[in-house]
Amino acid sequence: MADRIKKVAIFGASGNFGTPITAALVKAGFEVTIVTRPSSKSIFPNGIQVIRSEYTVAHLTAALAGQDAAISVVGPAAITSNVAMVEAAAEAGVKRFIVNDFGWGPDFASEPEFAAIGDTRHVAWDRAKQLAIENTGFTWTGITIGNPIDWALKRFPLMGFDVKDYTATIYDEGTEQFTGTTLSGIGQSVVGVLKRPDATANRFVKARSIQTCQNELLAAFQIVTGRRWEVHVGKVSDLRESGKQKHQDGAGGWVLDLLVFQLFEPGKGRCIVASHEDSDATLLGIPEETAEDIALKAL
Ligand SMILES: NC(=O)c1ccc[n+]([C@@H]2O[C@H](COP(=O)([O-])OP(=O)(O)OC[C@H]3O[C@@H](n4cnc5c(N)ncnc54)[C@H](OP(=O)(O)O)[C@@H]3O)[C@@H](O)[C@H]2O)c1
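Residues numbered from 1 in each chain as written. Predicted model: local features only at pLDDT ≥ 70, side-chain atom pairs only at ≥ 80, totals over all residues. Heavy atoms only, no water.

Per an unreviewed UniProt entry, the protein chain is named NmrA-like domain-containing protein, and its organism is Neoarthrinium moseri.

Read across the sheet, three strands follow the order β7-β8-β12 without closing on themselves; strand pairing throughout is mixed. Across the chains shown, the open sheet's two edge strands, defined by having one partner strand only, are β7 (161-162) and β12 (230-234). Inspection of the sheet shows strand β8 (residues 167-171) paired to β12 by five bridges, in the parallel sense. Bridging across to β12, T169 finds its partner in H232. Against the sheet, helix α7 (residues 214-225) contacts β7, β8 and β12, and its axis sits at roughly 165° relative to β8. (Pairing = 2+ DSSP bridges. Helix = DSSP H or I, 4+ residues; strand = E, 2+ residues; numbered from the N terminus. Contact = heavy atoms within 4.5 Å. Axes fitted to C-alpha atoms, helices over the stretch in contact; angles between N-to-C directions.)

Attention now goes to the UniProt feature "domain: NmrA-like" (unreviewed entry) in the protein chain. UniProt tags residues 6-232 as "domain: NmrA-like" (unreviewed entry). Within residues 6-232, the helical portion is 36% and the strand portion 22%, while the C-alpha atoms at the span's ends are 50 Å from each other. (UniProt positions renumbered as here; feature names shortened; annotations may be inferred.)

Next up on the list: the domain arrangement of the protein chain. It is common to give the size of an interface as the accessible area that goes away when the parts come together. Along its sequence, the protein chain is carved into domain 1 (7-144) and domain 2 (149-180 + 210-298). With centres defined by C-alpha atoms, the gap from domain 1 to domain 2 works out at 28 Å. At the junction of the two partners, domain 1 supplies twelve residues and domain 2 supplies 15 residues. For the pairing of domain 1 and domain 2, the buried interface totals around 1200 Å² over both sides, and the portion due to carbon and sulfur atoms is 64%. Taken together, domain 1 and domain 2 are joined by six residue pairs in polar contact (both at pLDDT 80 or more). Looking at the side of domain 1 that touches domain 2, its residues break down into seven nonpolar, three polar and two charged. (Domains from an automatic or database assignment. Buried area = accessible area lost by both parts, 1.4 Å probe. Polar contact = N/O pair within 3.5 Å; in protein donor to acceptor, adjacent residues only side chain to side chain. Nonpolar A, V, L, I, M, F, W, Y, C, P; charged D, E, K, R; others polar.)

Looking now at the packing of helix α2 (residues 57-64) against helix α3 (residues 82-92). At a minimum axis distance of 8 Å, the contact between α2 and α3 shows a crossing angle of 50°. Classed by the angle they form, the pair α2 and α3 counts as oblique. Once α2 is placed against α3, the crossing between them reads as right-handed. Residues V57, L60, T61 and L64 of α2 form the contact with α3, whose participating residues are A84, M85, E87, A88, A89, E91 and A92. For the contact of α2 with α3, the residue count by class is eight nonpolar, one polar and two charged. (Parallel < 35°, antiparallel > 145°, perpendicular 65-115°, else oblique. Left-handed = near helix turned anticlockwise from the far one by under 90°.)

Structure representation (structure tokens):
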């Protein structure tokens, strides 16, 4: 299938990850079409074709006609639309569908509170697998990115770094390792899949830009800002407790508490998506970045 993917449709192009993915696709020379819902108020970059379509199989089959590949990177509010996107892509003769993971992949042992969210996401993944068996022209890929590190550090001070106030909360010893993929790494991961379609067919690929820990990030933030940060000490066991309590009470905020708990739970390495050698970073052309690169991006 190599060199046969030129025309690429993307759902969710204006989102947190859709924006850098769309930019990376355009930069890499793909002919990009954005597919969006009729009610979308999103603003899209000039010069890219935009198709507004109801998210039904019939409408989307027409919208995707002539595309070589399609990507879903819609947000959590639209996850149930993913099945229609996959079915329409197969029906329209799209050769590769990049299913909506951009998370932790199929094998991640999440806290049980995430089961319902996980089940909803897996429906479209399973449908893509089934269609690839039934339809020899249709293939799929999932992209597992782990922690979207520069975006998450900037957006969520609960990850331990308040980039506005130069304060840090170091959980436990601050030594728990995890992997992260930057926004530019996420964009490159999609480009990499579409440029290496044979090597990435019908599987989840593992992306990463860095493997690090809080202490290393704190040192990097201090170097790039040229000042000492005020450091507080936290315990991820407190986040586990508060997240589970909020979930039980039907309150918001539990997702972030438990995500940060999973990231830094001491001694588990549970958020290392893959070692550099075992990952697909080289295959996909994602460069390894330093903690200082990440700190600069987060600032
Ligand atoms: N690994 C992680 O920690 C992590 C973190 C964040 C996100 N993610 C995952 O990455 C993927 C993309 O997330 P994101 O944060 O980039 O998404 P997002 O910014 O919240 O939304 C992306 C796009 O989805 C579409 N959308 C939103 N609400 C919709 C609705 N109700 N109905 C139909 N379409 C809707 C919109 O596109 P249009 O306006 O064009 O329709 C929006 O621009 C998701 O699978 C998410 O779970 C993972």
